[in-house]
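Fold and geometry: a report
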Amino acid sequence: MNRTRWTAAAGLVAALVLPLSACSLGEDKEASASDCPWKADTSVTGKIRIGYQKIPNGDVVVKDQRILESCLPNATVEWSNFASGGDVIQAFGGGSLDLGLAGSSPSTKALSAPLDLPVKVVWIHDVIGEAESLVVRDPAITDIKGLKGKTIATPFGSTAHYSLLQAITDAGEDPADYKLVNSEPEQVAPAWTKGDIDAAWIWDPTLSELKKEGGTVILSSADTAAAGKPTYDLGLASTSFIEANPKVLEVWAKAQDYAVEQILTDPDKAAESVAIEVGVTPEEAKAQFAGLTYLRAADQAKTEWLGKKLGEDLHATAEFLLTQDGIDAVAGPDVYAAGVDPSGAAAAGK
């Protein structure tokens with residue numbers, strides 16, 4: 001499994017995030033304060049650097065509907081697309097992001113040695129279920145043991161990779177007996193078409209593409225969650241950004257909560273935004289909502305989630321990653337507990 005070590009200089013860059021009020025402005029804004037679902041905050045005058053992924057959750061709804069741009073009309077919101085959570089973590093290590101989406105597995109790596117990055121989990125974008133699944137080419141294969149010796153593609157270091165390894169070990173098998181290949185989502189479908197892989201544990205829209213080409217789902221992250229190994233898409237923020245910009249973090253969390261409410265109560269509207277950002281039809285976007293669980297801000301702040309349990313889940317994830325040489329050492333439970341900050345969700349949920 002690839003691991004990148006960042007220099008002390010890169011870590012220093014990550015720590016030197018100034019308060020937004022001290023940053024310079026950039027591009028003109030297309031949205032006005034009147035478009036904000038609540039009273040806009042015109043006092044923030046800086047740049048917010050956000051890393052996102054094309055996943056059918058509230059983050060892309062916020063992006064497409066320009067909620068942050070509307071509610072912080074004098075700030076510059078800079079969105080950067082990443083193929084996987086591992087890439088997002090690398091960007092945090094280089095000091096080029098303030099906020100970003102990564103799965104629970106790469107987020108755990110960020111909090112563990114050798115990275116030990118100054119970041120915290122501030123939001124649960126979704127609890128992953130059938131949206132990440134193991135799809136096989138041969139319909140005669142009905143369980144993971146049937147894939148021994150076969151080639152399985154997944155993005156290494158992702159939540160999908162974590163679920164795949166968990167499923168193999170839970171079946172009493174050795175991952176070394178499987179040919180696991182590291183493939184980013186956009187590489188999986190072409191490899192499938194060419195016959196280079198026998199299976200993939202992947203998410204939408206690639207998952208839907210493989211199913212359209214005759215693939216059969218035999219396991220999902222809902223199954224591994226039911227076995228006690230849940231995975232999440234999480235919102236991370238650099239600790240320096242959190243400390244310098246609590247007001248901005250609250251607005252960001254409020255925008256995310258607004259998007260979650262829209263997915264839950266007006267899925268047609270939310271699906272239009274997801275379709276644009278993810279590259280699927282609105283009907284496909286609505287269908288993909290069913291594979292994820294979305295949580296309102298007030299619920300996220302409770303002990304069942306950001307308030308306590310998520311830190312415990314990250315610690316459990318670290319213990320498993322250590323067995324797979326994914327990290328160098330498991331930190332104490334207090335490190336993972338401290339790596340979760342429910343303040344933004346709590347403020348947004350009032």
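1. Here's the deal with the state of the cysteines
Simply put, disulfide is the name for a covalent bond between the sulfur atoms of two cysteines. For the structure on display, the rule yields one disulfide. The disulfide partner of C36 is C71, and the S-S distance across this bridge is 2.0 Å. Since a negative S-S torsion denotes a left-handed disulfide, the C36-C71 link at about 95 degrees is right-handed. Separated by 35 residues along the polypeptide, C36 in the loop between α1 (8-15) and β1 (47-52) and C71 in helix α3 (residues 67-71) bring together distant segments of the chain. Assigned by exposure class, C36 and C71 land together as buried.

2. Describing unusual backbone geometry
Put simply, A113 and P114 share a cis peptide bond, and its omega is 10 degrees. Note that P114 resides in the loop between α5 (104-111) and β4 (119-128). With an omega dihedral of 5 degrees, the bond running from D204 to P205 counts as a cis peptide bond. With respect to the helices and strands, P205 occurs in the loop between β8 (199-203) and α8 (206-212). Phi at D116 is positive, roughly 50 degrees, even though this residue is not glycine. Tracing the sequence through the fold places D116 in the loop between α5 and β4.

3. Structural notes on the side chain of E184
Positionally, E184 belongs in the loop between β7 (179-182) and α7 (185-193). Each residue touching E184, except ones within four places of it in the same chain, is listed here: A83, S84, D87 and P155.

4. Comments concerning the nonpolar core
Core analysis: the largest hydrophobic core is formed by 78 residues, its most contacted members being I48, L68, L99, W252 and L310. Sorting elements by how many residues they give to this core places helix α11 (residues 246-265) first, with nine residues. When residues no more than four places from it in sequence are discounted, the contact partners of L310 are V121, I124, Y232, L234, W305 and V340. In terms of nonpolar packing, the next biggest core, distinct from the first, is built from 26 residues, V135, I144, I168 and W201 among them.

5. Things to note about the sheet that holds strand β11 (residues 292-293)
With respect to topology, six strands assemble into an open sheet ordered β2-β1-β3-β10-β4-β11, the strand pairing being mixed. Here the strands that pair on one side only, and so sit at the sheet edges, are β2 (76-81) and β11. Note that strand β3 (residues 99-103) and strand β10 (residues 232-238) share five bridges and pair antiparallel. Note on β10: the bridge partner recorded for L101 is G235. On top of the sheet, helix α15 (residues 309-323) reaches β4 and β10; it is set at about 100 degrees to β10, its chief contact.

6. Considering the pairing of β1
One face of the sheet, then the other: side chains in a regular strand alternate in exactly this way. With five of six residues buried, β1 is to be regarded as a mostly interior element. The pairing of β1 with β2 spans six bridges and is classified as parallel. The partner of K47 across the bridge, within β2, is T76. Sheet topology places β1 next to β3; two bridges connect them, and they run parallel. The partner of G51 across the bridge, within β3, is G100.

7. Section: the sheet that holds β8
One open sheet holds the five strands; their spatial order is β7-β6-β8-β5-β9, and the pairing between them is mixed. Looking at strand neighbours, the two that pair on one side only are β7 and β9 (216-220), the edges of this open sheet. Between one strand axis and the next, the sheet turns through 25 degrees on average, direction left out of account. The sheet contact formed by strand β6 (residues 151-154) and β7 spans four bridges and is parallel. What sits directly across from I152, in β7, is L180. Sheet contacts for helix α6 (residues 159-170): β5 (132-136), β6, β7, β8 and β9; angle to β8, the most-contacted strand, approximately 135 degrees.

8. Re the packing of helix α12 (residues 267-278) against helix α13 (residues 282-289)
Relative orientation and spacing of two packed helices are given, respectively, by the angle between their axes and the distance between those axes. Axis separation between α12 and α13 bottoms out at 8 Å; the angle between their running directions is 110 degrees. Judged by the angle between their axes, α12 and α13 are roughly perpendicular. In the crossing of α12 with α13, the sense of the turn from one axis to the other is right-handed. On the side of α12, the interface is formed by P267, D268, A270, A271, V274 and A275, while α13 contributes P282, A285, K286 and F289.

Rules used throughout
- Here, residues in each chain are numbered from 1, in the same order as that chain's written sequence.
- A pLDDT threshold of at least 70 governs which residues receive local features in this predicted model, and a stricter bar of 80 or more applies before side-chain atom pairs are shown or counted, although totals over entire chains, interfaces and linings include all residues.
- Neither water nor hydrogens contribute to the side-chain values; these are computed over all heavy atoms in the structure.
- Sulfur atoms of two cysteines make up a disulfide when they are within 2.5 Å.
- Strands here are runs of E lasting at least two residues and helices are runs of H or I lasting at least four, both read from the DSSP assignment and numbered beginning at the N terminus.
- The buried label applies to any residue whose accessible area, calculated with a 1.4 Å probe on protein chains only, is under 20% of its type's maximum; exposed applies above 50%, and partly exposed to all values in between.
- Pairs of residues are marked as contacts when any of their non-hydrogen atoms sit within 4.5 Å.
- We call a set of buried residues a nonpolar core when its members are Ala, Val, Leu, Ile, Met, Phe, Trp, Tyr or Cys and they connect through side-chain atoms within 4.5 Å of each other.
- At least two DSSP bridges between two strands are required for those strands to pair.
- In this analysis, axes come from line fits to C-alpha atoms, helices being fitted only over the stretch in contact, and the angle between any two N-to-C directions falls in the range 0 to 180 degrees.
- In this scheme, roughly parallel covers angles under 35 degrees and roughly antiparallel covers those over 145, while 65 to 115 is roughly perpendicular and the rest are oblique.
- Helix crossings get a hand from a simple test, with the near helix turned counterclockwise from the far one by less than a right angle marking a left-handed crossing and a clockwise turn marking a right-handed one.

Read these as layout, nothing more, since geometry by itself doesn't imply function.
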